[in-house]
Every structure is written in structure tokens, then in C-alpha cells.
Amino acid sequence: MELSEYVQKGFQMLADPGSFDSNAFTLLLRAAFQSLLDAQADEAVLDHPDLKHIDPVVLKHCHTAAATYILEAGKQRADKSTLSTYLEDCKFDRERIELFCTEYQNNKNSLESLLGSIGRSLPHITDVSWRLEYQIKTNQLHKMYRPAYLVTLNVENTDSRSHPEISFSCNMEQLQDLVGKLKDASKSLERATQL
């Protein structure tokens, strides 16, 4: 598992019983999982009275390192042996390794769901609707006889299965420019598939 030197140093500090006793380690580990999995979590998770004796800079550094490792492990779908091997390399003792692996297993499904919800592809256009709008006056009551098009793109986000709409307004020249660019893109795609 490739982690930056900053993350590795933070993780090694977290492994040191002199910096984090067993209770502080447990609290920080749970805070790291909570901050990743709970959208309502805030920095108050690090304000526990049993963590007050730890330097706030060290606390945040170790919290960041733990969260980064948790995300990386989830991304790679790490199993217990992979987790244990890396934690041993960072000088974690057997008790902390067991605690980390247990906490990871308890939160693994939620973590994978979170990582799976992060988009990997662009939205797919499923439909287009438009209407012509004719602006007669401005809000200062000046006469303007100007047509405009209101275009709505219905899109499907394949990763989250949501169906948002993208709406915009444009004048005749802008719409013609958009149509021209879409035709160019279509022709380029046709040429690319014929090769």
C-alpha cells in the first residue's frame, strides 16, 4: 500500500503507546471512522476529554493519517492479513492491530458503500427538451424584442443512479454554436470508430 511519508509518520506516532494510550488510540480510531462515514460529523469528534492531553497538531496529523489509511484500505478492499502486515510495519502492537482490524471489519460495508458512491464517470444525457422564450421588456421596462431558448438536459448519473436536470438559457447564435460543436463531436466519434 503506497502512502505518503506524512501519512506514514502520522501512523507511526499513532502506534506509539507513549503518544496514544490504549483509550486514546481507540477514541481516535473511532473518530477517524466516524468522520469518514458520518456526514454530520465535525471536528468535535476530536474534542473528547480523554484526548485533551495530546497536542492538537499531533492529534490532527494522526487523525488524518488514520483516515487516509482507512480510505486506502477500503479502496483496495484490503483483508485482515493485508491490514495486519502494514500495521506491523508501522510498529503497531498486537492489541492495536486487533482493535484496528475489528473496527475496520465493523465498518467495511459502510466504507465500501461510501467509496462506491463517489462518481467515476460523467453523466449520460438521456433526453433534451427546449422551449422558445421571447423577451419583450427588461426589468427597467425598456423594450427588447429578443428570442432566447431554454434548454433542459435530462441526465443519468450511472454511479449513483440519480436523474438530475441541467438547464440553461441561450440565444440563437449560442444555440447554433452548440449544435455545430455537437455535430463536430459526432463526426469525430464516427471517424474514430471506423478506424
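No experiment lies behind these values; they were computed from the predicted model shown. All chains use their own residue numbering, which begins from 1 and follows the written sequence. pLDDT decides what is reported in this predicted model: residues at 70 or higher carry local features, side-chain atom pairs at 80 or more are listed and counted, and totals for whole chains, interfaces and linings draw on all residues regardless. Based on all heavy atoms of the structure, the side-chain values leave hydrogens and waters out of the count.

## Looking at the overall build of the protein
Part 1 of the argument: Each helix and strand in the protein was counted, giving 6 helices and 3 strands.
Part 2 of the argument: By definition, any uninterrupted DSSP run of H or I lasting at least four residues is a helix, any uninterrupted run of E lasting at least two residues is a strand, and each is numbered from the N terminus. Of the regular secondary structure in the protein, the N- to C-terminal order runs α-α-α-α-α-β-β-β-α.
Part 3 of the argument: Values of the radius of gyration come from C-alpha atoms, whereas the globule rule sets the reference at 2.2 Å times the count of residues to the power 0.38. Taking 16 Å as the expected radius of gyration for a compact globule of 195 residues, we find that the protein reaches 26 Å, considerably beyond that expectation.
Part 4 of the argument: Considering only contacts in the protein between residues 6 or more positions apart, those separated by 24 or more positions represent 57%.
Part 5 of the argument: Exposure was quantified through the Shrake-Rupley algorithm and a 1.4 Å probe, taking into account, for residues, occlusion by the shown protein chains and nothing else. As presented, the protein carries roughly 12900 Å² of accessible surface, and 52% of it is formed by carbon and sulfur atoms.
Part 6 of the argument: Averaging the locations of the 21 positively and 28 negatively charged side chains of the protein gives two centres separated by 9 Å. Contacts between residues were defined by any pair of non-hydrogen atoms, one from each residue, lying within 4.5 Å. When charges are counted, Lys and Arg contribute as positive and Asp and Glu as negative, whereas His and the chain ends are disregarded. Where a charge lies is defined by one atom per residue type, namely NZ (Lys), CZ (Arg), CG (Asp) and CD (Glu).

## A word on the environment of T26
Part 1 of the argument: The topology assignment puts T26 in helix α2 (residues 22–37).
Part 2 of the argument: For the pair T26 and P56, spaced 30 residues apart in the sequence, the C-alpha separation amounts to 17 Å.

## Some details on the pattern of salt bridges
Part 1 of the argument: Within this document, salt bridges are pairs made up of a side-chain nitrogen of Lys or Arg and a carboxyl oxygen of Asp or Glu, the two lying within 4 Å of each other. For the structure on display, the rule yields 8 salt bridges.
Part 2 of the argument: A salt bridge links K75 to E72, with the shortest nitrogen-to-oxygen separation between them at 3.7 Å. On the criterion of helical spacing, the pair formed by K75 and E72 is a turn pair, its members being 3 residues apart in helix α3 (residues 56–75).
Part 3 of the argument: Burial here depends on accessible area, computed with a 1.4 Å probe over protein chains only, as a share of the maximum for the residue type. Under 20% is buried, over 50% is exposed, and the range in between is partly exposed. By relative accessible area, K75 is classed as exposed at 60%.
Part 4 of the argument: Here the salt bridges do not stand alone but share partners, grouping K80, E88, R94 and E98 into one network.

## Brief notes about the domain arrangement of the protein
Part 1 of the argument: Domain borders in the structure are assigned automatically or taken from a domain database. Split into domains, the protein comes out as domain 1 (3–115) and domain 2 (119–170).
Part 2 of the argument: Distance between the C-alpha centres of domain 1 and domain 2: 45 Å.

## Description of the packing of aromatic side chains
Part 1 of the argument: Aromatic contacts are taken between Phe, Tyr and Trp rings whose centres are within 6.5 Å, Trp giving its six-membered ring; a plane angle under 30 degrees counts as stacked, one over 60 as edge-to-face, and the others as tilted. Here the structure, examined in full by the defined rule, presents 9 aromatic pairs.
Part 2 of the argument: Pairing F33 with F100 gives two aromatic rings, centres 6.4 Å apart and planes at 50°, and the pair type is tilted. Taken as a pair, F33 in helix α2 and F100 in helix α5 (residues 94–117) lie far apart in primary sequence, 67 residues in all. Like F33, the residue F100 is buried in the burial classification.
Part 3 of the argument: Each member of the aromatic cluster is reached from another via a ring pair, and the members are F11, F25, F33, Y69, Y86, F92 and F100.

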